[in-house]
Amino acid sequence: MENNHNPLSALAESYDIILASGSPRRRELLSMLDLPFTVDVSHSVDETYPADLDVHEIPSYLSLLKASALDLRPDDRRLIITADTVVILGNEVLGKPEDDAMACDMLRRMAGRTQKVITGVTVATVKRSITFAELTTVEFAPLTDDEIEYYVSHYHPLDKAGAYGIQEWIGAAAIKRIDGSFYNVMGLPIHRLYTELKKFL
C-alpha cells in the first residue's frame, strides 16, 4: 500500500513553521520538504559580527543572531528557521556586491580558483535550539571578461553572496566541480536541515 504520510507531518501539527528569510531560493528549497511554512522578514538585525571571529564561524553566528531577533515566548508555537551564507576566498569573506562593477571584480578574483561556501542554519523553538553549518567547496574554471560581463549584465547577481548563483548560467558555464551539497551553495543545505528537523519530532 502506498504511504502518503510525510515523515515530518507531525512537526507541522506541533509547530507553526517560520522561515525568517527573504531569499526566494531558500523559500524554494524549504518547499521541497512538502511542509507548510510562512515567511517572516519583519525582524531585521544588524548583521555585524566581531572582528576577531573566525571566518568559518560567521554564518552560524549570524543565523543565531537572526533567530534571537524573533523573541520566542513561553507559549510560542513557532519553529523558526534562519540561515546565513558566506563565500570565502582564501581567508576573505565575499559578501553581496554593491554594484555590477564589484560583482565583476569578485568573479574575476574567483575565476580559476577554489572557494568555500558555508551556510549557517539555526532551528529554534521555545524548548530547544540547534545551530549547524555546512561547507561546500566550489572550483571555478578560468573566465574571460566577456563571460563575466555577460553573466552580470543578464543575471544581475547583486543579491547573492560572492556575486553568483550556482543554479544560473554561470553554474553551467564556469563551475568545474563542487565537493559537498549543491543546495548549500544555493543558500540552504536542505538534506542536513531535514535531518535536524527530525530531532524536533
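Our subject is the structure that appears above.
Basis of the calculations
Residues numbered from 1 in each chain as written. Predicted model: local features only at pLDDT ≥ 70, side-chain atom pairs only at ≥ 80, totals over all residues. Heavy atoms only, no water. Helix = DSSP H or I, 4+ residues; strand = E, 2+ residues; numbered from the N terminus. Rg over C-alpha atoms; globule rule 2.2 N^0.38 Å. Buried < 20%, exposed > 50% of the residue type's maximum accessible area, 1.4 Å probe, protein only. Contact = heavy atoms within 4.5 Å. Areas by Shrake-Rupley, 256 points an atom, 1.4 Å probe, with all protein chains shown as cover. Lys, Arg positive; Asp, Glu negative; His and termini not counted. Charge placed at Lys NZ, Arg CZ, Asp CG, Glu CD. Arc of directions from axis to C-beta. Pairing = 2+ DSSP bridges. Core = buried A, V, L, I, M, F, W, Y, C linked by side-chain atoms within 4.5 Å. Salt bridge = Lys/Arg side-chain N within 4 Å of Asp/Glu carboxyl O. Polar contact = N/O pair within 3.5 Å; in protein donor to acceptor, adjacent residues only side chain to side chain.

Asker: Looking at this structure, I do not really get the overall build of the protein chain. What am I missing?
Answerer: Tallying secondary structure elements over the protein chain gives 8 helices and 7 strands in all. For the protein chain, the C-alpha radius of gyration of 18 Å lies close to 17 Å, the compact-globule estimate for 201 residues. Burial statistics for the protein chain: of 201 residues in total, 46% are counted as buried. In the protein chain, the proportion of contacts linking residues at least 24 apart, taken out of those at least 6 apart, comes to 68%. Surface accessibility of the protein chain: about 10300 Å² in total, with carbon and sulfur atoms responsible for 49%. Here the protein chain holds 20 positive side-chain charges and 30 negative ones, and the gap between their average locations is 5 Å.

Asker: Would you take a moment to explain helix H2 (residues 24–31) for this structure?
Answerer: Turn by turn, an α-helix covers 3.6 residues, leaving residues three or four places apart pointing in a common direction. Residues of H2 that are buried: Arg 25, Arg 26, Leu 29 and Leu 30. The buried residues of H2 occupy one face: seen down the axis, they fall within an arc of 130°. Buried residues in H2 make contact with strand E1 (16–19), strand E3 (78–89), helix H7 (182–186) and helix H8 (190–197).

Asker: Where do I start with unusual backbone geometry in this structure?
Answerer: With the exception of glycine, most residues fall at negative phi, and the peptide bonds are largely trans. Positive phi outside glycine occurs at Asp 34, with the angle close to 55°. Note that Asp 34 resides in the loop between H2 and strand E2 (38–39). Positive phi outside glycine occurs at His 156, with the angle close to 45°. Positionally, His 156 belongs in the loop between helix H5 (145–155) and helix H6 (169–174). Residue classification places His 156 among the partly exposed positions, given a relative accessible area of 47%.

Asker: Explain the pairing of strand E5 (residues 114–124) to me, please; I cannot follow it from the model alone.
Answerer: Regular strands place their side chains on alternate faces of the sheet. In terms of burial, E5 is largely enclosed, as 9 of its 11 residues are buried. In this structure, E3 lies alongside E5, joined through 9 bridges in antiparallel fashion. Following the sheet pairing, Thr 85 is matched in E5 by Thr 119. Pairing of E5 with strand E6 (residues 129–140) involves 11 bridges; the strand directions are antiparallel. Looking at E6, one finds that Val 117 is bridged to Thr 136. In textbook terms, the turn of a hairpin is the stretch between consecutive antiparallel strands, and for E5 and E6 this stretch comprises 4 residues.

Asker: Please clarify how the nonpolar core should be interpreted in this entry.
Answerer: Nonpolar side chains in soluble globular proteins tend to end up buried together. Core analysis: the biggest nonpolar cluster contains 46 residues, and Leu 79, Ile 81, Leu 107, Phe 140, Tyr 164, Leu 193 and Leu 197 have the highest contact counts within it. Leave out the neighbours within four places in its chain, and Leu 193 touches Leu 30, Ile 81, Val 121, Val 123, Phe 132 and Leu 188. Ranked by size, the runner-up nonpolar core spans 6 residues in total, among them Val 55, Val 86, Ile 88 and Ile 118.

Asker: Even after reading the chapter, I still don't get the pattern of salt bridges, so can you show me in this structure?
Answerer: Opposite charge on two side chains makes pairing possible when the charged atoms of those side chains draw close. If you walk through the whole model with that rule in mind, you get 16 salt bridges. Where Glu 139 meets Lys 176, a salt bridge forms, and the shortest distance between an N and an O atom there is 3.6 Å. Taken together, the residues Glu 139 in strand E6 and Lys 176 in strand E7 (residues 175–179) connect sequence positions 37 residues apart. Note that Asp 159 is salt-bridged to Lys 160, the shortest N-O span being 3.1 Å.

Asker: It is not clear to me how the side chain of Asn 184 should be interpreted in this structure. Could you clarify?
Answerer: Assignment of secondary structure puts Asn 184 in helix H7. Owing to a relative accessible area of 0%, Asn 184 belongs among the buried residues under this scheme. For Asn 184, the side chain forms a polar contact with the main-chain oxygen of Glu 134, separated by 3.1 Å. Within the local environment of Asn 184, its side chain forms a polar contact with the side chain of Thr 136, the two groups lying 3.1 Å apart. Residue contacts for Asn 184: discarding those within four places in its chain leaves Thr 85, Val 117, Ile 118, Thr 119, Glu 134, Leu 135, Thr 136 and Pro 189.

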